[in-house]
Amino acid sequence: MAGSPRRTAGRRLQLPLLCLLLQGATAILFAVFVRYNHETDAALWHWHNHSNADNEFYFRYPSFQDVHTMIFVGFGFLMVFLQRYGFSSVGFTFLSAAFALQWSTLVQGFFHSFHRGHIHVGVESMINADFCAGAVLISFGAILGKTGPAQLLLMALLEVVLFGLNEFVLLSLLRVKDAGGSMTIHAFGAYFGLVLSRVLYRPQLEKSKHRQGSVYHSDLFAMIGTIFLWIFWPSFNSAPTTLGDGQHRSALNTYYSLTASTLSTFALSALVGRDGRLDMVHIQNAALAGGVVVGTSAEMMLTPFGALVAGFLAGTVSTLGYKFFTPTLESKLKVQDTCGVHNLHGMPGVLGALLGVLVAGLATHEAYGDGLESVFPLLAKGQRSATSQAMHQLFGLFVTLIFASVGGSLGGLLLRLPFLDAPPDSQCYEDQVYWEVPREHEDLAQGPLRAEELETRA
Amino acid sequence: MAGSPRRTAGRRLQLPLLCLLLQGATAILFAVFVRYNHETDAALWHWHNHSNADNEFYFRYPSFQDVHTMIFVGFGFLMVFLQRYGFSSVGFTFLSAAFALQWSTLVQGFFHSFHRGHIHVGVESMINADFCAGAVLISFGAILGKTGPAQLLLMALLEVVLFGLNEFVLLSLLRVKDAGGSMTIHAFGAYFGLVLSRVLYRPQLEKSKHRQGSVYHSDLFAMIGTIFLWIFWPSFNSAPTTLGDGQHRSALNTYYSLTASTLSTFALSALVGRDGRLDMVHIQNAALAGGVVVGTSAEMMLTPFGALVAGFLAGTVSTLGYKFFTPTLESKLKVQDTCGVHNLHGMPGVLGALLGVLVAGLATHEAYGDGLESVFPLLAKGQRSATSQAMHQLFGLFVTLIFASVGGSLGGLLLRLPFLDAPPDSQCYEDQVYWEVPREHEDLAQGPLRAEELETRA
Amino acid sequence: MAGSPRRTAGRRLQLPLLCLLLQGATAILFAVFVRYNHETDAALWHWHNHSNADNEFYFRYPSFQDVHTMIFVGFGFLMVFLQRYGFSSVGFTFLSAAFALQWSTLVQGFFHSFHRGHIHVGVESMINADFCAGAVLISFGAILGKTGPAQLLLMALLEVVLFGLNEFVLLSLLRVKDAGGSMTIHAFGAYFGLVLSRVLYRPQLEKSKHRQGSVYHSDLFAMIGTIFLWIFWPSFNSAPTTLGDGQHRSALNTYYSLTASTLSTFALSALVGRDGRLDMVHIQNAALAGGVVVGTSAEMMLTPFGALVAGFLAGTVSTLGYKFFTPTLESKLKVQDTCGVHNLHGMPGVLGALLGVLVAGLATHEAYGDGLESVFPLLAKGQRSATSQAMHQLFGLFVTLIFASVGGSLGGLLLRLPFLDAPPDSQCYEDQVYWEVPREHEDLAQGPLRAEELETRA
């Protein structure tokens, strides 16, 4: 097979054995710990005299499904832009997210819904597990094309634990607000992945450069991902907020923010483009920054105007990041960021955290009325001032960056274990290393020239 | 760059400056006018003693998300059928719809939810803004491939205002029913676009003819658009109706109508096709006519049988339109209708309006019972007879056609401003004019022969 | 036209006439029998003093939309994997499912909601009709590429009737539980299709072998289908269950089961693959087996652990089936199963039925509490023991296999009528037989060598 040596039996068995081991382990832990919660258990639900209409399912499940679509369709297809890595992009997203859902049910369950020896699950745990899978996929974006599936599963194994721990510190200890996860999901996932990518730095990656771009139809596939992420982001940011006005407001703010990041992305992309041309990479990614940037503040009284401004800034920063910062990141800091997660999740995530500091700091009893209780319970009870809440928010960002950096370093060391299934430098961004690829693409591994010749051969 | 002259700095700056200007203007107007409504504002919602379950969010948001999917995924991908205009189809849909959402929030807000100096927003304004964006995208379909993004933004700027005005006249002054917008969205958008396309008539468009068709995979991408439009159309027609039976019935009627338009489209397409072959253009478009045709009457007591008949007729008319009318439209009336919006939105929209006249005219107290109040409040109060309501409906169609024609003319004159970014006749339907396109397609601008040669070169 | 003889006027008119005839017939039956139910009729809904929030629409419609997406996007695109049969895969799915929705509304209506001479329709009948369409599409998967659209419509005509009858026997006579249809949908659809494919056995199918595989981008299109099926399967299994905990639990169990089938599919696919490579066919299909296998038991107290084990087994069996059993099925049993529905729907469906036997047999008052009434009403009333319910479940599987086999045989005989539009052996899996195909693919019918040459010609 072109370029890649026949793999030894050991490497061949790596993925199957790891899948089976992880699945076996989570299954045993599920047997011991995981139970239906009050809303999903037949006996418990009917023991109380509820109306079925009160079941949390009806308030959260449509949002859950939108989030689920974002994770598997959105992230999966967004990464299909690489011309020869589509199977891996969508396939490894599928695999690592599926594992992350199970594992995160356990980890988040221990931190958030562990009562009398059991973890209790329902639609909220489903949403939270999907959120954690989102962070894993963000990290995946930084190392896309440079790691094998067994490496990704190990990364997920570690990252889910650190995600859960960081989330616990922020939400339960610091009592920070971060419904849509500007900090816990986006900044965490991005910096975890970037630091990890730094540790895995490949000075010879140039050898695979010809496969690093897109082709016309792979860019269209990627737009499927972009658009599904864009349309459902209001559901993402509102899925875990308090019911009623909280969920409604979060969706509305996110909707506005995204329209603004779209406009600023088109503006900036054309402005910095050759002859004023738009760049698909910007449109596919930076237009989404409006969703990231209001991840912390969307449930607050951000105002529609505030949402527009936030989205506008995020789209601008993100587009300029793709244009000017990503090249520097590689040449100066030796961070190879395949999908530019620093621009879509890193900087807008940090910006979103800071926006959260600002909006929390401006919270008043007048603006929130009796709704203060559900957005900022500690303020409503007088246990914290708005300024104190803002400081806690800021500290939450700091904690997140620490967790992400330390976690990414550990992850990088783990993934450098020599027996793992990393592709050689000349075989990065190449599906054939891990997949049976239909014949017409079989010899594509040799480079674009041979590939195009090939299409004319029998 | 192949064929297209290096653009001057002035044209290069056109799109960025227009985006920034429009975003700046809407942001200022948002700051001054737009406020959360009673359902999204923390203080206002908690001031009343609501149950969170009563929040409008839970009754409308799932429908909103389906509509949102239709606008961005449905319309976006439906237009990807052109072989070299996929980036523009999905990208300019994205840009112009994002702007239309903001702008329409303001325009529709002034007409419909302006109280004490402020526009109040929530899930209903989100749905309405998406509806308006739908009309803009229908018009876009008529001129697809022949206009630049700056032109499209200007078109949206004008069309959103006229859409809002027309909608106000129909819904608030004439008290016409048009939940799914057979008139306000489909007929308006289609005739606005067609008249505009007439004003922009290009006698030399032949020069780009080789790019006007599809390729195999671009047709499959377009089917993504078709299918998402088809499955979610029941949500589109039911999203803004009265709660309860109204929303339920609208969805049900639309569902049946679409199944019938699908069957008649396949029947007619094979009947008029060469050797009985089906034509993808028909399936992609005419099969959707069943959704358009019940846009006015779906919330009425149309009966499931009525829905089948309506859908069947719409699919038939639409398919025959593609086959026989579109060529005439260009040769005789000098209207170049890229996507055939006359067949999918124009004729079925008018048909839908007339069906609304009929079904409204047949409304009786017996058929609607106490539900008459929510479908035809003026009839329930005895302020109008069924015949009078029918006449108002008919007059509404007339008004719509006037607004669309005048608006389209104005729009055409606006878009003919010589400094705008229209592509030359030989560069229509070509992404490269506005986008960085991956290398393998780089020289495609020269015509299909060179393009195919190219694939064999290094 | 390459390879296929000009079709006679008779064959040319076959599809149009059949569409028109079937549509005419269902329309007449709709006029006579179909009426709005209490939730969709204006007069009936307002006659009772309901709160609009109680309308079934709000509890079922989001699930319905997910199911609708699965049927048209999921099944449609899953079958696009064939390199030259994409138009037919998505187009004939569209046509036959649209017809099945109408026809099934009538057939299921006669069996389940026929009161005082009328069939009453609403969101539940919409869900049930989509379920029936799912079974038709599963059967379609077995014969994909080997039948024409008129044949498919006739198959649907017959299959919908037998589906309705089988469902009636199971759910209404045997009082079997099968919310997500392991038996009624998956096993029925699969064995109906497999037996039918056996009757249509083509010994010379080898002639079309070069078109039976995928190409790189067709596999990516198929992944759109896979992922949408995967994410919405929890809605599929929960759509028709009892409200409250039942719906909630069904979704949760399915979600876990699918994560496990994904892990086991990746494990097994790599384990049996050449050099440890993954096979896209497995990922596209077997990863979904977790949804099928809990179709009967998801609403029961399966426990999250039980869901993981079930999903794991289903993914394993399904992957091994693709690898080892499908070839045997063709060589030994003369069953040509294009999509491998035996592996995705057949075996996992039977496994799911048996799991239902087990979980029903283990049902206790203690585990279900007062919820026993809604899951197993006969047990709650003391009219049946758990063991008896289990035996009834088992008998339901037996009945289903009988109905499917007899129905598939009849269907095969029907489809062998010589004047129908079956493609010749050398033209199977080829869109051009039924569709106008864009020029660049025009001569592809001759085989892959000529096809690739062609791309270099003008």
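Cut-offs used in this document
- Throughout this document, residue positions are counted from 1 along each chain, in the order its sequence is written.
- Chain letters start at A and ligand numbers start at 1, both assigned in the order the entries are written.
- This being a predicted model, a pLDDT of at least 70 is required before a residue's local features are given, and a value of 80 or more before pairs of side-chain atoms are given or counted; all residues contribute to the totals for chains, interfaces and linings.
- The basis for every side-chain value is the complete set of non-hydrogen atoms in the structure, without hydrogens or water.
- The criterion used for residue contact is that any of the two residues' heavy atoms lie within 4.5 Å.
- Here's the idea: put two parts together, see how much 1.4 Å probe accessible area each one loses, and the total over both is what we call buried area.
- Should a side-chain nitrogen of Lys or Arg be within 4 Å of a carboxyl oxygen of Asp or Glu, the pair is scored as a salt bridge.
- N or O atoms closer than or at 3.5 Å make up a polar contact, with two conditions inside protein: a donor-capable atom paired with an acceptor-capable one, and, for residues adjacent in sequence, both atoms drawn from side chains.
- Helix numbering and strand numbering both begin at the N terminus, where a helix is a DSSP run of H or I of at least 4 residues and a strand a DSSP run of E of at least 2.
- Amino acids outside the nonpolar list (Ala, Val, Leu, Ile, Met, Phe, Trp, Tyr, Cys, Pro) and the charged list (Asp, Glu, Lys, Arg) are all regarded as polar, and Gly is one of them.
- A fitted line through C-alpha atoms serves as each axis, taken over the contacting stretch for helices, and the angle formed by two N-to-C directions is quoted from 0 to 180°.
- Roughly parallel covers angles under 35 degrees, roughly antiparallel covers those over 145, roughly perpendicular covers 65 to 115, and oblique covers all other angles.
- Crossing handedness follows the turn of the near helix against the far one: under a right angle anticlockwise gives a left-handed crossing, and clockwise gives a right-handed one.
- Residues reaching a pLDDT of at least 70 in both copies supply the C-alpha atoms on which the copies are superposed by least squares.
- Expected span, for any helix, means 1.5 Å times one less than how many residues it has.
- One fitted axis covers the seven residues ending at a residue, a second covers the seven starting there, and the bend at that residue is the angle between these axes.
- In this scheme, a residue with accessible area under 20% of its type's maximum is buried, one over 50% is exposed, and one in between is partly exposed, where area comes from a 1.4 Å probe on protein chains only.
- UniProt positions are given in the numbering used here, feature names are shortened, and annotations may be inferred rather than shown by experiment.
- At least two DSSP bridges between two strands are required for those strands to pair.
- Geometry of aromatic contacts follows a simple scheme: Phe, Tyr and Trp rings, the Trp one being its six-membered ring, pair when their centres are within 6.5 Å, and the pair is stacked under 30 degrees between planes, edge-to-face over 60, tilted otherwise.

Undergrad: Which parts of the structure should I look at to understand the interface of chain B and chain A?
TA: Accessible area lost upon the coming together of the parts serves often as the stated size of an interface. Taken residue by residue, the interface counts 83 residues in chain B and 69 residues in chain A. Carbon and sulfur atoms supply 70% of the area buried between chain B and chain A, which totals about 6600 Å² over both sides. Contact with chain A buries area across many residues of chain B, yet Tyr36, Phe94 and Glu436 of chain B alone supply 12% of it, more than any other trio. Put simply, chain B and chain A have one salt bridge between them. Linking Glu436 of chain B and Arg274 of chain A is a salt bridge whose minimum nitrogen-to-oxygen distance equals 3.2 Å. At the boundary of chain B and chain A, one finds 27 residue pairs in polar contact (both at pLDDT 80 or more). Sorting elements by how many residues they give to the side of chain B that touches chain A places helix α4 (residues 86-112) of chain B first, with 12 residues. Of the residues contributing to the side of chain B that touches chain A, the split by class is 47 nonpolar, 22 polar and 14 charged.

Undergrad: How should the packing of helix α7 (residues 182-199) of chain C against helix α13 (residues 341-361) of chain C be read in this particular structure?
TA: Residue and element names in this part refer to chain C. Where α7 meets α13, the axes come as close as 8 Å, and the angle between the chain directions of the two elements is 140°. The angle between the axes of α7 and α13 places the two elements in the oblique class. Note that α7 runs across α13; the crossing there is left-handed. Two secondary-structure elements touch here, α7 through Ser182, Met183, His186, Ala187, Ala190, Tyr191 and Leu194 and α13 through Val341, His342, His345, Gly346, Met347, Gly349, Val350, Gly352 and Ala353. A per-class count over the contact of α7 with α13 returns nine nonpolar, seven polar and no charged.

Undergrad: Can you help me understand the relation of the copies chain C and chain B in this one?
TA: Put simply, the two copies of the chain differ by a rotation about an axis and a shift along that axis. Superposition of chain C onto chain B requires a rotation of 120° combined with a translation of 0.0 Å along the rotation axis, giving an RMSD of 0.0 Å. Such a turn and shift between the copies fits a three-fold axis. When you check the interface residues of chain C against chain B, a mere 10% turn up at the interface there too, and the two sides of the contact use different surfaces.

Undergrad: Looking at this structure, I do not really get helix α13 (residues 341-361) of chain A. What am I missing?
TA: Owing to its 3.6 residues per turn, the α-helix aligns residues three or four sequence positions apart on the same side. Residue and element names in this part refer to chain A. An ideal rise of 1.5 Å per residue puts 30 Å on 21 residues; α13 measures up with 28 Å between its terminal C-alpha atoms. At Gly349, α13 shows its largest kink, close to 25°. Taking burial as the measure, the 21 residues of α13 include 16 buried ones, the bulk of the element.

Undergrad: Would you mind going over the relation of the copies chain B and chain A with me for this structure?
TA: The operation relating chain B to chain A is a screw motion whose rotation component is 120°, with 0.0 Å of axial translation and a residual RMSD of 0.0 Å. Comparing interface residues between copies, only 10% of those in chain B also sit at the interface in chain A, which points to a heterologous contact through distinct surfaces.

Undergrad: Hey, could you run me through the interface of chain C and chain B in this one?
TA: Between chain C and chain B, the residue contacts involve 82 residues of the former and 68 residues of the latter. When the buried area of chain C at its contact with chain B is split by residue, Tyr36, Phe94 and Glu436 of chain C rank highest and sum to 12% of it. In this structure, the connection of chain C to chain B is made through one salt bridge. The tally of links between chain C and chain B comes to 27 residue pairs in polar contact (both at pLDDT 80 or more).

Undergrad: Explanation requested: helix α12 (residues 304-331) of chain C in the structure shown.
TA: Taking 1.5 Å per residue, 28 residues should reach 40 Å; α12 of chain C reaches 39 Å between its end C-alpha atoms and fits that length. The largest bend along α12 of chain C measures about 50° and falls at Tyr322 of chain C.

Undergrad: Sorry, what's going on with the UniProt feature "domain: Ammonium transporter AmtB-like" (unreviewed entry) in chain A here?
TA: When the UniProt feature table is mapped onto this chain numbering, "domain: Ammonium transporter AmtB-like" (unreviewed entry) sits at residues 27-417 of chain A. For residues 27-417 of chain A, helix accounts for 72% and strand for 2%, while the C-alpha atoms at its two ends are 26 Å apart.

Undergrad: Can you walk me through the pattern of salt bridges in this structure?
TA: Two side chains that carry opposite charge are able to pair once their charged atoms sit near each other. Residues and elements named next belong to chain A. Taken as a whole and assessed by the stated rule, the structure comprises 24 salt bridges over all chains. The shortest N-O distance in the salt bridge between Glu56 and Arg60 comes to 2.9 Å. Here Glu56 falls in the buried class, since its relative accessible area comes to 15%. When its relative accessible area of 5% is taken as the criterion, Arg60 is described as buried. The partner of Arg60 in a salt bridge is Glu124, with the nearest N and O atoms 3.9 Å apart. Within this pair, whereas Arg60 is found in helix α3 (residues 57-78), its partner Glu124 is found in helix α5 (residues 123-143), the two being separated by 64 residues in sequence. Look at Glu124 and you get partly exposed, because its relative accessible area is 41%. Three or more residues are tied together by salt bridges with common partners; here these are Glu56, Arg60 and Glu124.

Undergrad: I tried to follow the sheet that holds strand β1 (residues 34-36) of chain A on my own but got confused; where do I start?
TA: Strand pairing in a sheet relies on backbone hydrogen bonds, with the paired strands running either antiparallel or parallel. Residues and elements named next belong to chain A. As summarised here, the arrangement of the three strands in space is β1-β3-β2, forming an open sheet in which the pairing is mixed. The open sheet has two free edges, formed respectively by β1 and β2 (114-115), since each of these has just one partner strand. Strand direction decides the pairing type here: β2 and strand β3 (residues 118-121), joined by two bridges, are antiparallel. What sits directly across from Phe114, in β3, is Ile119. Along the sheet, helix α4 (residues 86-112) contacts β1, β2 and β3; its crossing angle with β3, the most-contacted strand, is approximately 110°.

Undergrad: Please clarify how the environment of Gly76 of chain A should be interpreted in this entry.
TA: All names here are of chain A. Position of Gly76 among the secondary structure elements: in helix α3. Relative accessible area serves as the criterion here: at 0%, Gly76 is assigned to the buried category. Along the chain, Gly76 and Ser88 lie 12 residues apart, while their C-alpha atoms are 9.3 Å from each other.

Undergrad: Just checking my understanding: could you explain the packing of α4 of chain A against helix α6 (residues 149-173) of chain A for this structure?
TA: The angle between the axes and the distance between the axes are what describe a pair of packed helices. All names here are of chain A. Put simply, α4 and α6 touch, their axes get as near as 9 Å, and they point 35° apart. Seen from above, α4 lies across α6 with right-handed handedness. Here the residues of the contact of α4 with α6 sort into 17 nonpolar, six polar and one charged.

Undergrad: What is the right way to look at the packing of aromatic side chains in this model?
TA: Any pair of aromatic rings gets described here by the distance separating the centres and the angle formed by the planes. Summed over the entire model, instances satisfying the criterion amount to 90 aromatic pairs over all chains. Here Phe33 of chain A and Phe110 of chain A contribute two aromatic rings whose centre-to-centre distance is 5.0 Å and whose plane-to-plane angle is 70°, an arrangement assigned as edge-to-face. Here the residue Phe33 of chain A occupies a position in helix α1 (residues 9-33), and Phe110 of chain A occupies one in helix α4, the gap between them amounting to 77 residues. When the ring of Phe87 of chain A is compared with that of Trp435 of chain A, the centres are 5.9 Å apart and the planes differ by 80°; the resulting orientation is edge-to-face. In this pair, Phe87 of chain A is assigned in helix α4 and Trp435 of chain A in the loop between α17 (386-415) and α18 (448-454), connecting sequence segments 348 residues apart. With respect to burial, Phe87 of chain A and Trp435 of chain A carry one shared label: buried. Feature note: the residues Phe72, Phe87, Phe92, Phe94, Tyr434 and Trp435 of chain A together with Tyr216, Trp230 and Phe266 of chain C constitute an aromatic cluster, connected by ring pairs.

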